[in-house]
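Each chain is listed here by its residues.
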Amino acid sequence: MTTLARRLIGGLLLVVSFVPLFRILDADDDNFRRTSVEVAEATLSYVQSAAFMAVLLGIVLAVVVPRGLVLPGIDRVGRRLESVPGRAWAWGLAAVAFALAVVVNVVVYQGLFTNVDEIASFLQARYFATGSLAGPLPAAADAWLIPNMLTVESGWVSQFPPSHLALMAAGIVVGVPTLVGPALFALMTGAAAAVLPGLLPEHPRAARVAGLLVATSPFLVLVGGGALSHTSAGAFLWLALWAALRGRDSRWPWSVAAGAAIGVAVCSRPWIGVLLGTVATLGIWLPAALRSRDVRWLAARCAGTVAGGLPFAAALAWYNTRLFGGPTTLGYLAAFGERHRLGF
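Residues numbered from 1 in each chain as written. Predicted model: local features only at pLDDT ≥ 70, side-chain atom pairs only at ≥ 80, totals over all residues. Heavy atoms only, no water.

(A) Local environment of the side chain of serine 121. For serine 121, the location among the structural elements is in helix 5 (residues 116-129). By relative accessible area, serine 121 is classed as buried at 5%. Among the polar contacts listed, one links the side chain of serine 121 to the backbone oxygen of aspartate 117, at a separation of 2.8 Å. (Helix = DSSP H or I, 4+ residues; strand = E, 2+ residues; numbered from the N terminus. Buried < 20%, exposed > 50% of the residue type's maximum accessible area, 1.4 Å probe, protein only. Polar contact = N/O pair within 3.5 Å; in protein donor to acceptor, adjacent residues only side chain to side chain.)

Written out as structure tokens, the structure is:
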């Protein structure tokens, strides 16, 4: 792919991120969708304001700060970043990410789950930790419900898919439930730091800086300090990307690992897992296959990905059937009905 093509695609993605596509939702007769659109409108407003401030600050700095004074120092910092061995860099950033997330967890969140998604997930994860999919229904079960939980034939459950719940259950079993989020954030950061040089081989300094930004992003650190399923999906999607790069540069069995990582992500956040998992694999392999014109090379990796993901697809189908009545009926649909579909 040429530099011009990459810039055009990047520009298109930037433009699309500011286009309010959510307004095509049919929200006139549905309060749930109307609220979703209102939240998206507010989020877009924040993004636009932040982007404007970032561009304005960049222009001011470019005008005010002398390049001759700044560039030599930046060059020295860049050389130092490049001098760190890749493995040490990835492990070091993972440690930084973990430490920052733990500080947020202890100081900001005071060791508590503060988001209703985390609370609902934690409640069901406690039942997972005892070997049960659902909790027993108390008397007057409706009085005990909190948002994002529901009662089904099997008992009291959350609306969330199983893989993140299983990871939280593992944290409960070993006695550190509030460290699951920081550990997953560290895994995501370490994987990103290992992957980025392979994505940007011609720009090693940019790859190092990007990894540093992942580890220190205030938004990501705040998410990592909690226990939202974004952390597990993000961590395993970066692992899928790492395995896809290994599969491109070596043998096809790495694609099985990529498929398994995508499977975990799908069982954590289904739509994100499917969409970004496809990008993480085909986005790496398809350009290489087009250059070599080797269809069998690509087919072997696609087959490996499917094979790696199939056990997780089967597990998700079994989980959905057991709790919500059908292999493709996610807990979101069971809790909120048809209005929780994509909604177009």
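(B) View of the packing of helix 7 (residues 180-199) against helix 8 (residues 204-216). It is the contact of helix 7 with helix 8, at a shortest axis distance of 8 Å, that shows an interaxial angle of 170°. Classified by the interaxial angle, the pair formed by helix 7 and helix 8 is roughly antiparallel. Facing Phe185, Met188, Thr189, Ala192, Leu196 and Pro197 of helix 7, the residues of helix 8 in contact are Ala207, Ala210, Gly211, Val214 and Ala215. Among the residues forming the contact of helix 7 with helix 8, the class breakdown is 9 nonpolar, 2 polar and no charged. (Axes fitted to C-alpha atoms, helices over the stretch in contact; angles between N-to-C directions. Parallel < 35°, antiparallel > 145°, perpendicular 65-115°, else oblique. Contact = heavy atoms within 4.5 Å. Nonpolar A, V, L, I, M, F, W, Y, C, P; charged D, E, K, R; others polar.)

(C) Geometry of unusual backbone geometry. Residue glutamine 110 is not a glycine yet carries a positive backbone phi of 55°. Mapped onto the secondary structure, glutamine 110 falls in the loop between helix 4 (86-108) and helix 5. Judged by its relative accessible area of 61%, glutamine 110 falls in the exposed class. For arginine 293, which is not a glycine, the phi torsion comes out positive at approximately 55°.

(D) Spatial organisation of the pattern of salt bridges. Under the counting rule described, the total for this entry stands at 4 salt bridges. Between aspartate 75 and arginine 79 there is a salt bridge, and its shortest N-O distance comes to 2.1 Å. Taken together, the positions of aspartate 75 and arginine 79, both in helix 3 (residues 67-83) and 4 residues apart, correspond to about one turn of that helix. Accessibility expressed as a relative area gives 44% for arginine 79, which makes it partly exposed. In this structure, the salt-bridge partner of arginine 205 is aspartate 75, at a minimum N-O distance of 2.8 Å. (Salt bridge = Lys/Arg side-chain N within 4 Å of Asp/Glu carboxyl O.)

(E) Representation of the pairing of strand 1 (residues 149-152). Where strand 1 meets strand 2 (residues 155-158), 4 bridges bridge the pair, whose relative direction is antiparallel. When the bridges of strand 2 are listed, threonine 151 appears paired with tryptophan 156. Where strand 1 folds back onto strand 2 in an antiparallel hairpin, the turn is made up of 2 residues. (Pairing = 2+ DSSP bridges.)

(F) Representation of the packing of helix 10 (residues 229-249) against helix 12 (residues 270-292). At a minimum axis separation of 9 Å, helix 10 and helix 12 run at an interaxial angle of 20°. Compared by their axis directions, helix 10 and helix 12 come out roughly parallel. When the axes of helix 10 and helix 12 are compared, the crossing they make is right-handed. Where helix 10 approaches helix 12, its residues Leu237, Leu241, Ala244, Leu245, Gly247 and Arg248 are matched on the opposing element by Ile272, Gly273, Leu276, Gly277, Ala280, Thr281, Ile284, Trp285 and Ala288. A class-by-class count of the residues in the contact of helix 10 with helix 12 yields 10 nonpolar, 4 polar and 1 charged. (Left-handed = near helix turned anticlockwise from the far one by under 90°.)

(G) Structural context of the environment of alanine 191. Position of alanine 191 among the secondary structure elements: in helix 7. For alanine 191 and asparagine 320, which are 129 residues apart along the polypeptide, the C-alpha to C-alpha distance reads 30 Å. Those residues in contact with alanine 191 that sit more than four places away from it in its chain are Trp238 and Leu239.

(H) Layout of the environment of threonine 130. With respect to the helices and strands, the residue threonine 130 is situated in the loop between helix 5 and strand 1. For the pair threonine 130 and valine 173, spaced 43 residues apart in sequence, the C-alpha separation works out to 8.7 Å. In terms of polar contacts, threonine 130 uses its side chain to reach the backbone carbonyl oxygen of tyrosine 127, at 2.8 Å.

(I) Structural context of the nonpolar core. Core analysis: the largest hydrophobic core is formed by 50 residues, its most contacted members being Val157, Phe236, Tyr319 and Phe324. In this view, phenylalanine 324 contacts Leu150, Val152, Val157, Ser158, Tyr319, Thr329, Leu330, Gly331 and Ala334; residues no more than four positions away in its chain are not counted. (Core = buried A, V, L, I, M, F, W, Y, C linked by side-chain atoms within 4.5 Å.)

(J) The packing of aromatic side chains, seen in detail. Counting across every chain of the model gives 5 aromatic pairs. Aromatic pair tryptophan 242 and tryptophan 254: ring centres 5.2 Å apart, planes at 85°, arrangement edge-to-face. You can see tryptophan 242 sitting in helix 10 and its partner tryptophan 254 sitting in helix 11 (residues 254-266), a full 12 residues away along the chain. Among the residues examined, tryptophan 242 registers a relative accessible area of 31% and is labelled partly exposed. Ring centres of tyrosine 319 and phenylalanine 324 lie 6.2 Å apart, and the angle between their planes is 75°; this geometry places the pair in the edge-to-face category. Judged by its relative accessible area of 2%, tyrosine 319 is buried. Classification of phenylalanine 324 by relative accessible area gives buried; the value is 11%. Site record: aromatic cluster; members linked through ring pairs are Phe128, Tyr319 and Phe324. (Phe/Tyr/Trp six-rings, centres within 6.5 Å; stacked < 30°, edge-to-face > 60°.)

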